[in-house]
Amino acid sequence: MKFYITGTRRGLGKALVDKYGNVNTLEECDVFINCKHNGFEQVEMLYKAAKLDKRIINIGSHASDFTYLHEYAVEKKALREANAMMFIKGIKTTCLNFGYIDTERSAHKEVEKMSIDYIIEVIEWVLLQPHSVKELTISA
């Protein structure tokens, strides 16, 4: 399997590239891991990958469960909703909503965090399933 992974400079994205490698374009991949948060860009990338009929793993956030109007939560909620709509249309897409992950981005947070190794295990589990997985929410 060939992977195209976004958000690869550090943290989870970098660890995913170290594990799976990374092709240069979305068109070349079998599996797209939509990892880079940059406003609503994840939603746009989901639509592009769906048009190309790719297997998609979206890295969402447990923050999308909350109703407060924080930009990050709203952007991740949009990704989650777009994932649900695509899934209903038969697109092979999954949204994984995690709590805090033990990366430099969340180092300042005084909360329990999940390891990157655990997150990768969850992604591998999803990829091995014989049936489609629409969404999982996991929080430490």
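Residues numbered from 1 in each chain as written. Predicted model: local features only at pLDDT ≥ 70, side-chain atom pairs only at ≥ 80, totals over all residues. Heavy atoms only, no water.

S.K.: An account of the environment of V23 is requested, with residue identities and associated values reported.
M.R.: Positionally, V23 belongs in the loop between α1 (11-20) and β2 (31-34). Take V23: its relative accessible area is 17%, and that puts it in the buried class. Taking the C-alpha atoms as reference points, V23 and L79, 56 residues apart in sequence, are found 23 Å from one another. Apart from the residues lying within four places of it in its own chain, the contact partners of V23 are K2, F3, Y4, E28 and C29. (Helix = DSSP H or I, 4+ residues; strand = E, 2+ residues; numbered from the N terminus. Buried < 20%, exposed > 50% of the residue type's maximum accessible area, 1.4 Å probe, protein only. Contact = heavy atoms within 4.5 Å.)

S.K.: With reference to specific residues and values, describe the sheet that holds strand β3 (residues 55-61).
M.R.: With respect to topology, five strands assemble into an open sheet ordered β1-β2-β3-β4-β5, the strand pairing being parallel. In this open sheet, the two strands that pair with only one neighbour each are β1 (3-5) and β5 (135-138). Within the sheet, the average angular offset between the axes of one strand and its neighbour, ignoring direction, is 15 degrees. Running over the sheet, α1 touches β1, β2 and β3 and is turned about 165 degrees from β1. (Pairing = 2+ DSSP bridges. Axes fitted to C-alpha atoms, helices over the stretch in contact; angles between N-to-C directions.)

S.K.: Lay out the environment of D30 with the relevant residues and their values.
M.R.: Locating D30 in the fold gives a position in the loop between α1 and β2. Residue classification places D30 among the partly exposed positions, given a relative accessible area of 39%. Taking the C-alpha atoms as reference, D30 lies 5.9 Å from M1; in sequence the two are 29 residues apart. Excluding residues within four positions of it along the chain, D30 makes contact with M1, K2, K54 and R55.

S.K.: Please set out the packing of aromatic side chains residue by residue, giving values where relevant.
M.R.: How two aromatic rings sit relative to each other is set out by the distance from centre to centre and by the angle between their planes. Inspection of every chain in the model, using the stated rule, returns two aromatic pairs. Ring centres of F3 and Y20 lie 4.2 Å apart, and the angle between their planes is 20 degrees; on these two criteria the pair is classed as stacked. Taken together, the positions of F3 in strand β1 and Y20 in helix α1 put the pair 17 residues apart, joining distant regions of the chain. Here the aromatic rings of Y4 and F32 are separated by 5.9 Å at their centres, their planes lie at 25 degrees, and the arrangement is stacked. With Y4 in strand β1 and F32 in strand β2, this residue pair connects regions lying 28 residues apart in the sequence. (Phe/Tyr/Trp six-rings, centres within 6.5 Å; stacked < 30°, edge-to-face > 60°.)

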